[in-house]
Amino acid sequence: MKTVVSKVNANKTAKRAHALKELLEKQETNLLEIKEDLPFEADSQTANTRTVQFGSDRPALPSLTSSNLSEAISIFNELITKEIAGAASVLEINELELKAWIDLQIEVPAKTILVLLRTMQHWHLDPLKEEIGFTQYEDGKWQVFISIDGCSKLLNKHTQFNGLVFNQADTLVEGVPEWMECSIYRRDRIMPITVREYFVEVRNSHDMWQKMPRRMLRHRALQQCVRDRKSTRLNSS
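Residues numbered from 1 in each chain as written. Predicted model: local features only at pLDDT ≥ 70, side-chain atom pairs only at ≥ 80, totals over all residues. Heavy atoms only, no water.

The subject of this paragraph is the layout of surface pockets. Volume-wise, the largest pocket comes out at about 1100 Å³. T135, Y137, F145, R220 and Q223 are, among the 33 residues lining the largest pocket, the residues nearest its centre. Looking at the lining of the largest pocket, the elements with two or more residues in it are α6 (110-123), β1 (132-136), β2 (142-146), α7 (148-156), α9 (207-211) and α10 (213-231). The biggest single contributor to the lining of the largest pocket is α10, with ten residues. (1 Å grid on protein atoms, 1.4 Å probe; cavity = no way out; pocket = protein on both sides within 12 Å on 5 of 7 lines; lining within 4 Å. Points joined across faces, edges and corners; volume = space filled by probe spheres on them. Helix = DSSP H or I, 4+ residues; strand = E, 2+ residues; numbered from the N terminus.)

So this is what it looks like as structure tokens:
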């Protein structure tokens, strides 16, 4: 039994490492963007080498060597393992279950996984309860996504939350209100935080937008209003 488990774990590790290697090769820029998490240094030849690109004033990024790639993958794995343990502890959830869920996100870049693990710790959101997760845009980019359940949790657990109100346009676009507003009220603020979302700007081809466009528009307005509430640090007690 131990041998079988070891082989399964080895296969998962190998699969994860291979996926990370491909992601790093395609997205070398990510390594520079999170240099505080990747303390490795390129060798002197690589560090001093720049390739001139005709038709561009911007020098090319230095190429990653095989040894740097291997070290970066190792560091990513260590960071993810560390953040999984920390997130499981903060949210008081099973670490193995969280790791299994992370292992299933094989297509998501390691950098985005790290953002999710740190975000879920900061806001105490549980991906196993679908309070937070990933979304991929049409251009292929991945981003951490707080679900409606997550937004509801953030609102209702706050001591100053004093309700919310939705308003919608009288004019219609394809039978759906042209826009919808969400206003979040707090006991310690005079004015509410209000966000308006326009149907033509946020709709997409997802099945839910085809079946329940009004509900999805309302959800988007709520999510963006909660997002503005967080970004302006109005969430503090």
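Quick look at α7 now. Every buried residue of α7 is accounted for by G150, C151, L154 and L155. All buried residues of α7 project into a common sector of 135° when viewed along the axis, lining one side. Its side-chain oxygen 3.4 Å from the backbone nitrogen of D149, S147 forms the N-cap of α7. (Buried < 20%, exposed > 50% of the residue type's maximum accessible area, 1.4 Å probe, protein only. Arc of directions from axis to C-beta. Polar contact = N/O pair within 3.5 Å; in protein donor to acceptor, adjacent residues only side chain to side chain.)

So, about the confidence of the model for the protein. Overall, the predicted model of the protein reaches an average pLDDT of 77, with 68% of residues at or above 70. For residues 232-237, every residue scores under 50 in pLDDT, and the model assigns this stretch 14 contacts once sequence neighbours within four places are set aside. (pLDDT = per-residue confidence, 0-100. Contact = heavy atoms within 4.5 Å.)

If you trace the backbone, I146 turns up in strand β2. Once the C-alpha coordinates of I146 and I132 are considered, the two residues, 14 residues apart in sequence, prove to be 4.4 Å apart.

On to the nonpolar core. Ranked by size, the top nonpolar core spans 37 residues in total, and within it I80, L98, I102, L116, L117 and M120 carry the most contacts. L117 has contacts with I80, E83, I84, A87, L98 and I102, leaving out every residue within four places of it along the chain. In this structure, V176, M180, M216 and L217 belong to the second largest nonpolar core, which totals seven residues. (Core = buried A, V, L, I, M, F, W, Y, C linked by side-chain atoms within 4.5 Å.)

In terms of burial, strand β6 (residues 179-186) is a largely internal element, seven of the eight residues being buried. In this sheet, β6 lies alongside strand β3 (residues 161-168) in antiparallel orientation, the contact comprising six bridges. Directly across from F161, in β6, lies its bridge partner R186. Relative to strand β7 (residues 193-198), β6 runs antiparallel, the two being bridged by six bridges. Its bridge partner being in β7, M180 is matched across the sheet by E197. Here β6 folds back onto β7, and the loop between the two strands holds six residues. (Pairing = 2+ DSSP bridges.)

A few words on the sheet that holds β7. The sheet built from three strands is open, its strands ordered β3-β6-β7 with antiparallel pairing. The sheet terminates laterally at β3 and β7, the two strands that pair on one side only. For this sheet the average axis-to-axis angle between neighbouring strands, irrespective of direction, equals 15°. (Axes fitted to C-alpha atoms, helices over the stretch in contact; angles between N-to-C directions.)

A complete count under the given rule lists two aromatic pairs for this structure. Geometrically, the ring pair formed by W101 and F134 is stacked, given 5.8 Å between the ring centres and 15° between the ring planes. Highlighted residues: W101 in helix α5 (residues 95-104) and F134 in strand β1, separated in sequence by 33 residues. In this pair, the class of W101 matches that of F134, namely buried. Where F199 meets W209, the ring centres are 6.3 Å apart and the plane angle is 45°; that geometry is what we call tilted. Of this pair, F199 sits in helix α8 (residues 199-202) while W209 sits in helix α9, placing them ten residues apart in sequence. (Phe/Tyr/Trp six-rings, centres within 6.5 Å; stacked < 30°, edge-to-face > 60°.)

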